[in-house]
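Structural description and commentary
Okay, here's what each chain looks like letter by letter:
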Amino acid sequence: KTAVYGPEQVAKAADFGAVEELLVLDEALRRERGGEGEWAVDVDEVVETAEQKGGEVTVFSHEFDPGQQLANLGEIAALLRYRME
């Protein structure tokens with residue numbers, strides 16, 4: 001499967017309806033929702049768009065390995081239904 005990483009790339013994929021599974025780090029979600037975020041995109045909008053277009057959303061805990069790996073990949077990622085150019 002093709003994947004994209006980071007808020008801007010994931011937001012773009014969500015807009016295209018390409019997101020099969022959205023992966024987001026719990027800490028990033030809290031920070032962005034709490035108004036202390038640095039992302040150029042609205043995390044709630046990205047989550048909502050992905051869900052509306054049939055994507056699954058999984059929130060990862062920063063306390064475990066998968067969450068730590070996600071943190072290293074920009075705190076948000078998406079597995080895509082199809083490759084985007």
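All values reported here derive from a predicted model rather than from experimental measurement. (Residues numbered from 1 in each chain as written. Predicted model: local features only at pLDDT ≥ 70, side-chain atom pairs only at ≥ 80, totals over all residues. Heavy atoms only, no water.)

**A look at unusual backbone geometry**
Among all residues save glycine, negative phi is the norm, and among peptide bonds the norm is trans. The phi torsion at E75 lies on the positive side, around 70°, for a residue other than glycine. In this fold, E75 is placed in the loop between α4 (65–72) and β4 (76–80). Judged by relative accessible area, E75 falls into the buried class, the value being 17%. (Helix = DSSP H or I, 4+ residues; strand = E, 2+ residues; numbered from the N terminus. Buried < 20%, exposed > 50% of the residue type's maximum accessible area, 1.4 Å probe, protein only.)

**Some details on the pairing of strand β2 (residues 19–25)**
Remark: a regular strand shows side chains that alternate across the two faces of the sheet. Counting buried residues along β2, five of its seven residues qualify, which places the element largely inside the surrounding structure. Looking at chain direction, β2 and β4 are connected through five bridges and run antiparallel. Each bridged residue has a counterpart across the sheet, and for L22 the counterpart in β4 is A78. Where β2 meets strand β3 (residues 56–60), five bridges bridge the pair, whose relative direction is parallel. Among the inter-strand pairings, L22 is bridged to a residue of β3, identified as V57. (Pairing = 2+ DSSP bridges.)

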